[in-house]
Amino acid sequence: MKGLFTKKKILKAIVFGFLVSLMCVLTFINHAPVSVNATDTVTGDSASEGIPSNDATDSDPGYLEGDLGGLTFRFDSDGTGSLSATLQILLILTVITLAPSILIMLTSFTRIIIVMHFLRTALGTQTTPPNQVLIGLSLFLTVFIMAPVFNRINTEAVRPLSNGDIGVEEAFEKGLEPIREFMFEQMDGSEKDLRLFLDIAGIESVETRDEVPTRVLIPAFILSELRIAFIIGFLIYIPFLIIDMVVSSTLMSMGMMMLPPTTISMPFKILLFVLADGWDLIIGQLVRTFY
């Protein structure tokens, strides 16, 4: 009950922050005039009439600056632009709002957290390790696995966008490409998941990966991750299930039918897990499944 209450508070805070940001933008747009100033040099009579002169030197930057309710922007002659600090903060808040969904669905987090829960259930320890520990461990393992992808996004999309070298749309496309490549690599050998959603979307055939829409790729990737996680969970269950069967048979043969088998088998499962160095084995093999 405590965990559910915390999740609700976090969700309310995220939604409230997004709505406040949206209201600020709408207020700026509705109540502030828009002014656009050209930086081209004007001379003579053309300056008084507001008409740019043809005598502008080559040193002129040739860009347009605008102000929209305090949100300043600039568009260069080659089509690129730079955003003001206020608008950049607004975009960052929007990304933070969507970050939980992106982190859970488009990375290795799903597979890791499901395997961790299977492991805890197989051990029979119920709430040990607690959910906070499992989520934290899964989060840091996700950062470790996704570090090359995040570095590519930062190098190819975030930095050029902040420097004004590329536009927002181009930055979005370049930032999405490393994530698409990661999802395709993890789905290698699971074309049936991709084929399923292609058929649902009405797409008959694709020749290259670039032709696969992202809206089709994401659910196919999630389905593939769920399948892999359940297969790993089944393999984890096998040795602990054998211990449960041996303990249960022993108690039945001794006539101790009123004693729950889990009470006796759990210490033996923990002992086996510790002696076999289970954390290193499971986490090490789990991380290697992404490489």
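Residues numbered from 1 in each chain as written. Predicted model: local features only at pLDDT ≥ 70, side-chain atom pairs only at ≥ 80, totals over all residues. Heavy atoms only, no water.

Caption draft 1: How the structure looks around the overall build of the chain. Looking only at helices and strands, the chain features 10 helices and four strands. Overall, the chain shows an N-to-C arrangement of helices and strands of α-β-α-β-β-β-α-α-α-α-α-α-α-α. For the chain, buried positions account for 29% of its 291 residues. Contacts in the chain between residues far apart in sequence, at least 24 positions, make up 63% of those at least 6 positions apart. Split by element, the accessible area of the chain, about 18,900 Å² in all, is 67% carbon and sulfur. (Helix = DSSP H or I, 4+ residues; strand = E, 2+ residues; numbered from the N terminus. Buried < 20%, exposed > 50% of the residue type's maximum accessible area, 1.4 Å probe, protein only. Contact = heavy atoms within 4.5 Å. Areas by Shrake-Rupley, 256 points an atom, 1.4 Å probe, with all protein chains shown as cover.)

Caption draft 2: Geometry of helix H8 (residues 214-253). Its 40 residues place the ends of H8 58 Å apart at the C-alpha level, agreeing with the 58 Å of an ideal helix rising 1.5 Å per residue. The largest bend in H8 amounts to roughly 35° and is located at Ile238, with the proline Pro239 lying one to four residues further along. Immediately downstream of H8, the backbone of Gly255 shows phi near 80°, a positive value. (Expected span 1.5 Å × (residues − 1). Bend = angle between axes of the 7 residues up to and from the residue.)

Caption draft 3: Quick peek at the confidence of the model for the chain. Looking at the chain as a whole, the pLDDT averages 76, with 70% of positions reaching at least 70. When the elements of the chain are averaged for pLDDT, helix H2 (residues 44-49) gives the smallest value, 42, and helix H4 (residues 109-123) the largest, 93. Throughout residues 31-64 the model reports pLDDT below 50, and contacts reaching past four residues in sequence, or to other chains, amount to 38 contacts. Considering only residues more than four positions removed or in separate chains, one finds that residues 75-81, a stretch of pLDDT under 50, has 14 contacts. (pLDDT = per-residue confidence, 0-100.)

Caption draft 4: Up close: the packing of aromatic side chains. Within this structure, the stated rule accounts for six aromatic pairs. Ring plane angle 80° and centroid distance 6.3 Å describe the contact between Phe118 and Tyr237, whose orientation is recorded as edge-to-face. Placement of Phe118 in helix H4 and of Tyr237 in helix H8 is noted, with a sequence separation of 119 residues between them. The exposure class of Tyr237 is partly exposed, given its relative accessible area of 28%. (Phe/Tyr/Trp six-rings, centres within 6.5 Å; stacked < 30°, edge-to-face > 60°.)

Caption draft 5: Quick peek at the nonpolar core. Residues Val115, Met116, Leu194 and Ile236 are the most contacted members of the largest nonpolar core, which totals 40 residues. Taken together, the elements giving at least two residues each to this core come down to H4, helix H5 (131-162), helix H6 (168-186), helix H7 (191-201), H8 and helix H10 (278-288). Here the element with the most residues in this core is H4; it accounts for 10 residues. Residues in contact with Met116, not counting those within four places in the same chain, are Leu134, Leu137, Ser138, Trp279, Ile282, Ile283 and Leu286. (Core = buried A, V, L, I, M, F, W, Y, C linked by side-chain atoms within 4.5 Å.)

Caption draft 6: Broad picture of the pattern of salt bridges. Per the stated rule, a full pass over the model turns up seven salt bridges. Asp193 is paired through a salt bridge with Arg227; the nearest N and O atoms lie 2.6 Å apart. Of this pair, Asp193 sits in helix H7 while Arg227 sits in helix H8, placing them 34 residues apart in sequence. Taking the shortest distance from any N to any O, the salt bridge between Arg195 and Asp199 comes out at 3.1 Å. Highlighted residues: Arg195 and Asp199, both in helix H7, separated by four residues, approximately one helical turn. (Salt bridge = Lys/Arg side-chain N within 4 Å of Asp/Glu carboxyl O.)

Caption draft 7: Representation of the packing of H5 against H6. At their nearest, the axes of H5 and H6 sit 9 Å apart, and the two run at 170° to each other. By the angle class used here, H5 and H6 are roughly antiparallel. Along the contact surface, H5 presents Met146, Val149, Arg152, Ile153, Glu156, Ala157 and Leu161, while H6 presents Val168, Ala171, Lys174, Gly175, Pro178, Ile179, Glu181 and Phe182. Among the residues making up the contact of H5 with H6, the classes are represented as 10 nonpolar, one polar and four charged. (Axes fitted to C-alpha atoms, helices over the stretch in contact; angles between N-to-C directions. Parallel < 35°, antiparallel > 145°, perpendicular 65-115°, else oblique. Nonpolar A, V, L, I, M, F, W, Y, C, P; charged D, E, K, R; others polar.)

Caption draft 8: Structural context of the environment of Ile145. Following the sequence through the fold, Ile145 ends up in helix H5. For Ile145, a relative accessible area of 5% puts it in the buried group. With 145 residues separating them in the primary sequence, Ile145 and Phe290 have C-alpha atoms 7.5 Å apart.

Caption draft 9: Broad picture of H5. In this model, H5 (32 residues) spans only 37 Å end to end at C-alpha, well below the 46 Å of a helix rising 1.5 Å per residue. Of all the bends in H5, the greatest reaches close to 60° and is centred on Met146; the proline Pro148 follows between one and four positions later. By the burial criterion, the buried members of H5 are Leu134, Ser138, Leu141, Thr142, Ile145, Met146, Val149, Ile153, Ala157 and Pro160. Backbone geometry just downstream of H5 places Gly164 in the positive-phi region, at approximately 80°.

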